[in-house]
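Structure at a glance
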Amino acid sequence: MPIIGVFIAKLIAMSLAFVAQYILWKKYASFQTWLTQNKVGVVSALVVLTRIIPFILVFVILKEEPRGDVPFFYYKASHAVHLDLVYRDFWSFHAPIFSYIIALPLLIVDHASSIVALMMVGELICVWLTYKHYKTVSSEAYAKLLHYLMLPAPIIICLLGGQEDIWLWGFALGALMIWKKSNSDFRMGLMFALSLLCLKVTVAFFLFPLFFLIKDKFKFILSMALVGIPSLALLYYLVGWDFLMLIKHTEDPYSPNLFSVLRPLIGASVNITKMNWLGLGLFLPLATWIGYSVRNKSFERAFPLLFILTYGLMQLFLPSAMAYYMFIYLVIIVFELWQHTDGKFLFVLLLLNFLLIVEPFVYVYHNNPVFDSFAKLSNAGYALEYLLQWAFVITLIYVLRACYLRLKVLPELAHK
């Protein structure tokens, strides 16, 4: 299907989803008893309608080829399924185990769409764990679960983009749930160490602000070291310094972020890799300072808010950040920041979904424009893309501000 046809299909699906969101929000109280009594059936029906049927329609009936990062994932998985050695025999910007995880569905069906199916299963697991976590602290958790499943952006990001970014939250939430059950910083550290081996180096960003909330810092560091040091030694033994390619994916500018919208003021003569290091040097100390400033807050309640702030600031400050990175923490925005009766924030959620769907298409459709001067904005298509970038950045800042304010009003602990 031509790319414009795909985009029109996205717009139709998004419009239907927005109508469904409004109806659910407006009429939830009227049908709450029935919806609650039939949780399994309602959730299962939504999963079928919003995930399984679209997957069958796109990849089985229409026989579309997966887009986004999936072709590169398939390249890696095709090597990994034959037990080729990551970094030495094939390229990867992910952690060493990731390629072998996404190779598993190829053992069943050797097609790139199998990886998309895995991503969808992974997303649903993360969403269900989020619901299980929040239903113990919020009476609105079930309503938020239904709303999230009907949001159009996660469906499109996962189905057509094959993004795994929500897995970062899944592993982090798994670490939190281990901590809640065992009260063990050591075991929590083991989970984070595992996530560093399975996902991306960006997992480590969250550990900086989180560190100040951890009670037994020595045991946490010890558990990370017990896994990390032997793993790095083994990687070096097998592939030498080639494993450092997982931190080298910083050479291309993307959008929307502060750099992309301020680029006309900066000009063309900039090194993107250096700007990424500058962005890292800005957002990571800021996130760490926030973690330090709330060190006396409840660990469990501050944890998800710090997660949003860390990766939201990352998305804001890194020139290599793109809109789809919000998939890392979008589910937490729904469960943590939105009060179900708040129509204003529901509008913000739907606006974010609109921008997550429309801006990446306009950006790619215009061949990934770089606005290194205001002269380029005389083109109507470029001007539209630039306005969409600003809209996303402003909305993201609004969400991060709401998150920070919520974090600051959390009650102080009586003792550490």
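Residues numbered from 1 in each chain as written. Predicted model: local features only at pLDDT ≥ 70, side-chain atom pairs only at ≥ 80, totals over all residues. Heavy atoms only, no water.

Where an unreviewed UniProt entry is consulted, the protein appears under the name DUF2029 domain-containing protein, with the organism given as Flectobacillus roseus.

**Observations concerning unusual backbone geometry**
This is how the line gets drawn: Helix and strand definitions here come from DSSP, where helices need a minimum of 4 consecutive H or I residues and strands a minimum of 2 consecutive E residues; each element is numbered from the N-terminal end. Whether a residue is buried, partly exposed or exposed follows from its accessible area with a 1.4 Å probe, protein chains only, as a fraction of its type maximum: under 20%, in between, or over 50%, in that order.
Going from Ser-255 to Pro-256, the amide bond is cis rather than trans, its omega being 0°. Although it is not a glycine, Leu-83 adopts a positive phi angle of roughly 65°. Mapping Leu-83 onto the fold places it in the loop between helix 3 (70-80) and helix 4 (98-101). Judged by its relative accessible area of 72%, Leu-83 falls in the exposed class. Phi is positive for Asn-367, which is not a glycine, with a value near 60°. Tracing the chain through its elements places Asn-367 in the loop between helix 16 (343-365) and helix 17 (380-408). Classification of Asn-367 as exposed rests on a relative accessible area of 67%.

**Description of a nonpolar patch on the surface**
What counts here: Residues form patches when they are more than 30% accessible in relative terms and have no salt bridge. Like charges link within 9 Å. Nonpolar side chains (Val, Leu, Ile, Met, Phe, Trp, Tyr) link within 5 Å. Here, Shrake-Rupley sampling with a 1.4 Å probe gives the accessible areas, and only protein chains in the shown set may cover a residue. Put simply, a salt bridge is a Lys or Arg side-chain nitrogen that is within 4 Å of an Asp or Glu carboxyl oxygen.
Nonpolar side chains collect at one region of the surface, where Val-48, Leu-49, Ile-52, Ile-53, Ile-56, Leu-57, Val-60, Ile-61 and Leu-62 lie side by side and expose about 770 Å² of accessible area between them. Note on placement: Ile-56 falls in helix 2 (residues 39-61).

**Overview of the pattern of salt bridges**
Summed over all chains, the structure comprises 11 salt bridges. Ionic pairing is found between Arg-88 and Asp-89, a salt bridge with its closest N-O pair at 3.1 Å. Asp-165 serves as the salt-bridge partner of Lys-200, at 2.7 Å between the closest nitrogen and oxygen. Taken together, the residues Lys-200 in the loop between helix 9 (185-198) and helix 10 (203-210) and Asp-165 in the loop between helix 7 (152-159) and helix 8 (166-182) connect sequence positions 35 residues apart.

**Thoughts on the environment of Tyr-236**
So the rule is basically this: Only heavy atoms matter for contacts: two residues are in contact if any of them lie within 4.5 Å across the pair.
Mapped onto the secondary structure, Tyr-236 falls in helix 11 (residues 217-239). Remark: the alpha-carbon pair of Tyr-236 and Thr-136, spanning 100 residues in sequence, is separated by 44 Å. With near-sequence residues (within four places) excluded, Tyr-236 lies in contact with Trp-241 and Phe-243.

**Topic: the packing of aromatic side chains**
Quick reminder of the rule: Each Phe, Tyr or Trp ring, with Trp reduced to its six-membered ring, pairs with another whose centre is within 6.5 Å; inter-plane angles below 30 degrees give stacked pairs, above 60 give edge-to-face pairs, and intermediate values give tilted ones. Only Lys NZ and Arg CZ are tested; either one counts as a charge over a ring when it is within 6 Å of the ring centre and within 35 degrees of the ring normal.
Per the stated rule, a full pass over the model turns up 29 aromatic pairs. Ring centres of Phe-205 and Phe-283 lie 5.3 Å apart, and the angle between their planes is 80°; this geometry places the pair in the edge-to-face category. In this pair, Phe-205 sits in helix 10 while Phe-283 sits in helix 13 (residues 272-293), placing the two residues 78 residues apart along the sequence. As far as burial versus exposure is concerned, Phe-205 and Phe-283 are alike and both buried. Site record: aromatic cluster; members linked through ring pairs are Trp-169, Trp-179, Phe-192, Phe-206, Phe-220, Phe-299, Phe-303, Phe-307 and Tyr-311. Between Lys-217 and the ring centre of Phe-211, over which it is positioned, the NZ or CZ distance is 5.5 Å. Looking at Arg-295, its charged tip hangs above the ring of Tyr-292, at a distance of 3.9 Å from the centre.

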